[in-house]
Amino acid sequence: MEKSRNIIITVSSICLILVWLLSASPRQLNAQDPNHVAVVVRLDEEEVVTQCVAFNEEQISGYDALRRSGLSVTAGFDAQGGTICQIDGVGCPADNCFCQCKGGQDCIYWSYWHQVGDSWEYARVGATTYKVSDKEVEGWSWGPGTISQAIEPPAVTFEEVCDSLGSSEMGVPMEESTSSGNWLQYVLFGGILGLFALALVYSQIRSKSR
Amino acid sequence: MRFNSRAWMVWVLVVAFLAMFARNPLYSIILLALSLLAIQYYARIESPVRSMFLQISLGILLFSAIYHALFIHIGDHVLFELPQWPLIGGIITVEAIADGFRNGLVLIALIATFMALNTIVPSRELVRLVPAAFQDLAVVVLIAITYVPETRRHLRRIREAQAIRGHRPRGFRDWRPLILPLLVGGLERAMRLSEAMVARGHVSERAENSRAPERILLIAGLFTALIGWVMAILWGVSGYILLSLGGLVLVLIVVRKGRRVRRTSFVAVPWTATDTILVFTSLAALILVIAPWPVIGRLSLSYVPYPLLKMPEFHPLVGLALILLSFPILMGMTTQRDHDRMTEPDQNATSSREGIRQAR
């Protein structure tokens, strides 16, 4: 009796938690956002992309600012936070974020910068931790990444990027939650689990009949 | 059906490696199911152990989810926001919780895999898997892996004895009559074990096993490997050569030391064709999953729930490669029937003996 009551309580708790988790909807962005941040991305020696990112929160993370810039961003995550692996097709895949940082050669990766006054300052914390406020300038540079070797992004002011807004202003809506791949793959996965369940039932029947 | 312990070891190592390598929860679930089915077919575990595993698994999932939710503030599905407290302040997201579940699942799959090894392969064979050069370590491993089950059995005996005498532990103080006999019993067991080991001449072998040149070479090999490892990080190829050299010296010393140790085997489990197939299917699954084949979706092996939660991918070919690891379960399903057939006469004999006793 007590056992079945415990099971009912556990199952109901799990269901409630699941409903709570599923009820969360993605954050929506407003096109008329009051705050702006300039994002400067140095893809190589010749190509530099600048974007003015609009946001309605008081602060957003450096990672969110980069994501909302409209450039394609690939990041790797662990318990310590996120690491930017690829921006606009330049960099490494998410499962090998430091692919050009092996074997004692130059360690090439995306270095992260903040503009302080007129000069760039190498970021002391990661982009997922750092908070960006209105009228700040964020920089990303692909190349040798260590603090002594890193190449800073070109000198660009906030006004240069955001005052001539027009087409360069971005406030990219969060992408919709999509199911990657088709449903057939999940049917196959269910089939494999079904086979395992049959094997389990078969084992139970055999052990009972003995 | 019984596999050789070395073949089981290969299977377990492949499953454990894939559990760590494939961070996709769908593959983790398959690997977890494989380990649990292997336990179901080849080991008999008691109900309390099963419920303990379930409780530990739930605990790991819960802890991992809370840890990730508190320390990773990334994701678009925001549940609520904590004030800007150090470390844990910020948004609490569904993505971080999902990541916690994913990591917890990997940990549970690993625990289940090693539980399979521990329950399927007898302790004496597990010890034999340790290289002969590490004989002393093997004895320590044997004592360590039998300590918990032995203590649990002892605790159950004490509880039963106390229950017969009408003792029912309710509060913390009521556990004293259980803890003290358990402690005394543990000490007695340790004394008996040490006496038995001394009686079998365990201590007398120590002098023969330690030779000065070998020890010097061992230190030199370790030092060379360490320098090689550091050099490999800094300068690449030249370091790997030194690392291999150091590793070779270490392997040679272990083999040389192992040859001097004599082991007696009373019941040797032979290596059969099914063991070869088990090793072959395990290695095939490993190569199929980790090698960069163009047709196998290696990208599906990793799953990152950030920044927006989405369903993990399931690549059919990776799924089929993992199915290769179910060979021991298939063998267990087919041979259990043979086992039943073989044991039937024994059961009949037992029942007829009981019938005779009853008739008397």
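Preceding this paragraph is the structure being described.
Rules of the game
Starting afresh in each chain, residues are numbered from 1 along the sequence in its written order. By the order in which they are written, chains take letters starting at A while ligands take numbers starting at 1. pLDDT decides what is reported in this predicted model: residues at 70 or higher carry local features, side-chain atom pairs at 80 or more are listed and counted, and totals for whole chains, interfaces and linings draw on all residues regardless. Side-chain figures throughout are based on the complete set of non-hydrogen atoms in the structure, without hydrogens or water. Two cysteine sulfur atoms form a disulfide, by the criterion used here, when they sit within 2.5 Å. Numbered from the N terminus, helices here are DSSP runs of H or I no shorter than four residues, and strands are runs of E no shorter than two. Relative accessible area decides the class of each residue, using a 1.4 Å probe on protein chains only: under 20% of the type maximum gives buried, over 50% gives exposed, and in between gives partly exposed. A pairing counts as a salt bridge when a side-chain nitrogen of Lys or Arg comes within 4 Å of a carboxyl oxygen of Asp or Glu. Every helix has an expected span of 1.5 Å times one less than the residues it contains. Throughout, the arc means the angular range of directions from the helix axis out to the C-beta atoms. Residues enter patches when they are more than 30% accessible in relative terms and free of salt bridges; like-charged ones are connected within 9 Å and nonpolar ones (Val, Leu, Ile, Met, Phe, Trp, Tyr) within 5 Å. Note on areas: Shrake-Rupley with a 1.4 Å probe; residue coverage comes only from the protein chains shown. His is not counted, nor are the chain ends, whereas Lys and Arg count as positive and Asp and Glu as negative. A single reference atom marks each charge: NZ on Lys, CZ on Arg, CG on Asp, CD on Glu.

## Describing the state of the cysteines
Residue and element names in this part refer to chain A. Evaluated as defined, the whole model comprises three disulfides over all chains. Bridging C52 to C162, the disulfide has an S-S length of 2.1 Å. Measuring the twist about the S-S bond at about 110°, one finds the C52-C162 disulfide to be right-handed. On the criterion of sequence distance, the pair formed by C52 in strand β2 (residues 48-55) and C162 in helix α3 (residues 158-162) is long-range, its members being 110 residues apart. Residues C52 and C162 agree in their burial class; the two are buried. Across the disulfide, C85 is cross-linked to C97 (sulfur-sulfur distance 2.0 Å). Here the disulfide of C85 and C97 is left-handed, its torsion about the S-S bond being about -110°. With a gap of 12 residues between them, C85 in strand β5 (residues 81-87) and C97 in the loop between β6 (90-91) and β7 (108-116) connect regions that are remote in the sequence.

## Considerations on the pattern of salt bridges
Overall, the coordinates contain 10 salt bridges over all chains when judged by the stated rule. Of the charged contacts, one joins B:D76 and A:R67 as a salt bridge, the two residues approaching to 3.0 Å between their closest N and O atoms. Here A:R67 lies in helix α2 (residues 62-67) and B:D76 lies in the loop between α3 (47-71) and β1 (78-82), a pairing that spans two chains. A relative accessible area of 0% means that B:D76 is categorised as buried. By relative accessible area, which is 14% here, A:R67 ends up buried. We note a salt bridge from B:R256 to B:E214, for which the minimum N-O separation is 3.4 Å. Residue B:R256 is located in helix α10 (residues 237-259), and its partner B:E214 is located in helix α9 (residues 212-235); the two are separated by 42 residues in the primary sequence. Exposure remark for B:R256: the relative accessible area of 52% places this residue in the exposed category. On the basis of relative accessibility, which here comes to 8%, the residue B:E214 falls in the buried class. Connected through salt bridges with shared partners, the residues A:D64, A:R67 and B:D76 form a single ionic network.

## Re helix α11 (residues 273-290) of chain B
Side chains three or four residues apart in an α-helix point the same way, a direct result of the helix having 3.6 residues per turn. Residue and element names in this part refer to chain B. Along its 18 residues, α11 runs 26 Å from first to last C-alpha, staying within 8% of the 26 Å computed at 1.5 Å per residue. Along α11, the residues classified as buried are T274, D275, L278, V279, T281, S282, A285, L286 and V289. The arc enclosing the buried residues of α11, seen along the axis, measures out at 165°, which places them on a common side. Residues of α11 that are exposed and point over 90 degrees away from its buried face: A273 and F280.

## Brief notes about a negative patch on the surface
Residues and elements named next belong to chain A. Together, D44, E45, E46, E47 and D88 make up a negatively charged patch on the protein surface. If you trace the backbone, D44 turns up in the loop between β1 (35-42) and β2. Judged by relative accessible area, which is 35%, D44 ranks as partly exposed.

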